[in-house]
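Below, each chain spelled out in residue letters.
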Amino acid sequence: MTAPAAIAAASAPPAAPAAPRGLVARLPALWPAAMLGVFFLIPFVIMVAFSFYHRVEGGLYQPAFELENYARFWTPLFTRVLGFSLMICGLAAVICVTASVPFTWFLSRTRRRAQVAWLVGILSILSLSEVIMGFAWSILLSRSAGVSNLLVTLGILSAPDAWTPSFGALLMGLCFIGFPYSVLMLYPAVNRLDPEITEAARTLGASPSRAFFTVVIPSLRQAILATAILVFVFTLGCYVLPQVLGKPEHWTLSVLITDQAIYQSNIPFAAALAVFLVLVSLALIGLTLLLGQGRRSKGGR
């Protein structure tokens, strides 16, 4: 080797170490995969197995492989509960998204300090459990210590009235628990919007409301749809609010699962209902992920 070549080799930066291959490269993903298997896959497989078991009178069950538990899905009880669950959770998702889109839009246009304060307040709501929210709303809507007493004091009502249990109370509770999630899910997408888009629409003569509905909403349509789906899945899993704020005819699928497992001692049928609920939730979450991938692919073009 000549002297110039030796000097160039000595002054060259050291070569980067070879990337790990095989099992070593997969080690960072093994821990989440193990947690997923221990806390989701294994219990789900056990639940699927129990859904085919045979129920024995007296609250017992024995291993078997029969489809009777899934055949009960065609009974009027299940179809009524399923239809009501889909209806009220879908309605709550629509109301949450309808209220959160303009709220998040105006929130993103405020000062950074105000945004932080609002987001901290929204996160503090999420720190409350569903049990606390349910009983708090039951007190607010009760006859003895509810909002109706304040309205009587103001002269709006002649006598206090109880607004729970009722369909409206349950819908209000689901919207209250789903609204913070919809705001937090929409905030990144809204915050990434270029403000010059609405300014261009205003320059072309559009009013603020028209610019919002013709420019902002179409730009957020995939994020809005994904938020509605996830809020729907979240409210579909609520089982305390329907029992506290609703009547027995307002019970959702989650309450039916609890009733069959605990009070009716029908573990196989409860497991079949739970399998159905998990599969529906996973399908909707998968649809949300597909929408997110489509949004990222369009943004990268």
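A few points on the structure. (Residues numbered from 1 in each chain as written. Predicted model: local features only at pLDDT ≥ 70, side-chain atom pairs only at ≥ 80, totals over all residues. Heavy atoms only, no water.)

## Digging into the packing of helix 8 (residues 167-191) against helix 11 (residues 221-236)
Piece 1. In contact at an axis separation of 9 Å, helix 8 and helix 11 are set at 150° when each is read in the N-to-C sense. As summarised for this structure, helix 8 and helix 11 are arranged roughly antiparallel, according to the angle between their axes. Helix 8 and helix 11 meet at a crossing whose hand is right-handed. Here Leu174, Ile177, Gly178, Tyr181, Ser182, Met185, Leu186 and Ala189 of helix 8 lie close against helix 11, whose contacting residues are Ala223, Ile224, Ala226, Thr227, Leu230, Val231, Phe234 and Thr235. (Axes fitted to C-alpha atoms, helices over the stretch in contact; angles between N-to-C directions. Helix = DSSP H or I, 4+ residues; strand = E, 2+ residues; numbered from the N terminus. Parallel < 35°, antiparallel > 145°, perpendicular 65-115°, else oblique. Left-handed = near helix turned anticlockwise from the far one by under 90°. Contact = heavy atoms within 4.5 Å.)

## Regarding helix 6 (residues 130-140)
Piece 1. Within helix 6, the full set of buried residues consists of Glu130, Met133, Gly134, Trp137 and Ser138. Projected down its long axis, helix 6 carries its buried residues within an arc of 130°, all on one side.
Piece 2. Buried-residue contacts for helix 6 involve helix 5 (112-126), helix 8 and helix 12 (240-245). (Buried < 20%, exposed > 50% of the residue type's maximum accessible area, 1.4 Å probe, protein only. Arc of directions from axis to C-beta.)

## Observations regarding unusual backbone geometry
Piece 1. Omega for the bond connecting threonine 164 with proline 165 falls within 30 degrees of zero, at 0°, which places this linkage in the cis form.
Piece 2. One non-glycine residue with positive phi stands out, namely serine 265, at about 55°.
Piece 3. Within the secondary structure layout, serine 265 lies in the loop between helix 13 (253-263) and helix 14 (267-300).

## Focus: the nonpolar core
Piece 1. In terms of nonpolar packing, the biggest core is built from 35 residues, with Ile88, Leu170, Leu174, Leu253 and Leu273 touching the most fellow members.
Piece 2. Contributing elements (two or more residues each) for this core: helix 4 (76-108), helix 6, helix 8, helix 11, helix 12, helix 13 and helix 14.
Piece 3. Considering each element in turn, this core owes the most residues, nine residues, to helix 4.
Piece 4. Apart from the residues within four sequence positions on either side, leucine 174 is in contact with Ile88, Ala92, Cys96, Thr235, Cys238 and Leu241.
Piece 5. Formed by 12 residues, the second largest nonpolar core is a distinct cluster that contains Val97, Trp105, Leu220 and Ala223. (Core = buried A, V, L, I, M, F, W, Y, C linked by side-chain atoms within 4.5 Å.)

## Looking at the packing of helix 4 against helix 5
Working note: a packed helix pair is described by the angle between its axes plus the distance between those axes.
Piece 1. Two elements in contact, helix 4 and helix 5, have axes whose closest approach is 9 Å; the angle formed by their N-to-C orientations is 140°. Our classification of the angle between helix 4 and helix 5 gives oblique. Contacts between helix 4 and helix 5 pair Phe103, Leu107 and Ser108 from the former with Ala114, Gln115, Trp118, Leu119 and Ile122 from the latter.
Piece 2. Looking at side-chain class alone, the contact of helix 4 with helix 5 contains six nonpolar, two polar and no charged residues. (Nonpolar A, V, L, I, M, F, W, Y, C, P; charged D, E, K, R; others polar.)

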